[in-house]
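So the chains spell out like this:
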Amino acid sequence: MMAAARRYRPMSRAQFGIAVLSMLLVVVGSNILVQVPLNDWLTWGGLSYPVAFLVTDLLNRRFGPAAARRVAWFGFAAALVVSVWVASPRIALASGLAYICAQLVDIQVFDRLRDQRWWRAPLVSGTLGAILDTAVFFSVAFAATGMPWVTWMMGDLAIKLAVNVSMLAPFRALMWNLARPANA
């Protein structure tokens, strides 16, 4: 039995612009930071990138999956263009591919779990998104470079998963301001 279609609040142009700018800042910043190792097993990008899932999940909760996908695609295009200038083309390509795959999975999984306990949708969707993003990004960006990319990948994944859990607190804190769909 199919559930009734939800109606979500429409996103204003200003809200859309802020959402795309937020994504742009997170992705471009992470593309710069991933090129800077923190130690032998971690880059700074692993600390900043999981915020993208927080942005997507908040958009999905308030405006629905269609609006979240729209921001993801616009964020993808904007970040790809800017990333080519601030990072190597290989990093920009790897980031773009990993970002859009992970964001679309995050949005789909979040939407399927949205009516369960408040923490389940962002935790599960963020975890799956982080795993996919990390595997795609590091294999495209650093394979055959002679760099310790597998070690960085494992370190970044561990940190992304920890940051994903820590993003539950801001998600919960911001949920009070997120209206439920009109017919929920």
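Located above this text is the structure these notes cover.
Predicted model, so just to flag it, every value in this text is computed and none were measured.

Criteria and cut-off values
- Every chain is numbered independently, its residues counted from 1 as its sequence is written.
- Selection of residues for local features in this predicted model requires a pLDDT of at least 70, selection of side-chain atom pairs for listing and counting requires 80 or more, and totals for whole chains, interfaces and linings are taken over all residues.
- Hydrogens and water are ignored here; the side-chain numbers use all heavy atoms of the structure.
- What counts as a helix is a DSSP run of H or I of at least four residues, what counts as a strand is a run of E of at least two, and both are numbered from the N terminus.
- Here the radius of gyration uses the C-alpha set of atoms, whereas the globule reference equals 2.2 Å times the residue count to the power 0.38.
- Throughout, exposure labels follow a simple rule: accessible area from a 1.4 Å probe, protein chains only, divided by the maximum for the residue type, with under 20% read as buried, over 50% as exposed, and the rest as partly exposed.
- Any two residues whose heavy atoms approach within 4.5 Å are treated as being in contact.
- Each accessible area is a Shrake-Rupley estimate made with a 1.4 Å probe; only the visible protein chains count as cover when residues are assessed.
- We treat Lys and Arg as the positive residues and Asp and Glu as the negative residues; His and chain ends play no part in the count.
- By convention, the charge on Lys lies at NZ, on Arg at CZ, on Asp at CG and on Glu at CD.
- A helix is expected to span 1.5 Å multiplied by its residue count minus one.
- Take a side-chain nitrogen of Lys or Arg and a carboxyl oxygen of Asp or Glu: if they are within 4 Å of each other, that pair is a salt bridge.
- Any pair of N or O atoms that falls within 3.5 Å is considered a polar contact. Within protein, one atom must be able to donate a hydrogen and the other to accept it, and sequence-neighbouring residues count only if both atoms are side-chain atoms.
- A pair of aromatic rings is counted whenever rings of Phe, Tyr or Trp (Trp by its six-membered ring) have centres within 6.5 Å, and the orientation is called stacked for planes under 30 degrees apart, edge-to-face for over 60 and tilted otherwise.

Right, let's get into the overall build of the protein. The helix and strand tally for the protein stands at 8 helices and 0 strands. The secondary structure elements of the protein, listed N-terminal to C-terminal, are α-α-α-α-α-α-α-α. A compact globule built from 184 residues would reach a C-alpha radius of gyration of about 16 Å, and the protein, at 16 Å, matches this within 12%. The 184 residues of the protein split such that 47% are buried. Long-range contacts, defined as pairs at least 24 residues apart, comprise 78% of the intrachain contacts of the protein with a sequence gap of at least 6. Carbon together with sulfur atoms contributes 70% to the accessible area of the protein, which is approximately 9,200 Å² in total. If you average the places of the 16 positive and of the 7 negative side-chain charges in the protein, the two averages end up 13 Å apart.

Attention shifts here to helix H7 (residues 149-166). Given a rise of 1.5 Å per residue, 18 residues ought to cover 26 Å, and the 25 Å separating the end C-alpha atoms of H7 matches this to within 8%. When we look at burial in H7, the residues that qualify are Trp152, Met153, Gly155, Asp156, Leu157, Ile159, Lys160, Val163 and Asn164. In this structure, the buried side of H7 is in contact with helix H2 (45-48), helix H6 (120-142) and helix H8 (168-175).

What follows deals with the environment of serine 83. Counting through the fold element by element, serine 83 comes out in helix H4 (residues 65-86). Distance from serine 83 to asparagine 60, taken between C-alpha atoms, is 25 Å for residues 23 residues apart in sequence. Sequence-distant contacts of serine 83, that is, excluding residues within four places in its chain, are made with Val28, Asn31 and Ala92.

On to the side chain of arginine 61. Note on placement: arginine 61 falls in helix H3 (residues 51-63). Buried charge without a partner: arginine 61 forms no salt bridge, and the closest opposite charge is aspartate 115, 5.4 Å away. Side-chain polar atoms of arginine 61 contact the backbone oxygen of arginine 114, separated by 3.1 Å.

Throughout the structure, instances matching the rule amount to 8 aromatic pairs. Here phenylalanine 110 and phenylalanine 171 contribute two aromatic rings whose centre-to-centre distance is 6.0 Å and whose plane-to-plane angle is 70 degrees, an arrangement assigned as edge-to-face. With phenylalanine 110 in helix H5 (residues 89-113) and phenylalanine 171 in helix H8, this pair connects stretches of sequence that are 61 residues apart. Pair check on accessibility: phenylalanine 110 and phenylalanine 171 agree, each one buried. Ring centres 5.6 Å apart and planes at 35 degrees place the aromatic pair phenylalanine 138 and phenylalanine 142 in the tilted group. Of this pair, phenylalanine 138 and phenylalanine 142 both sit in helix H6, 4 residues apart, which is roughly one turn of that helix. The class for phenylalanine 138 is buried, based on a relative accessible area of 0%.

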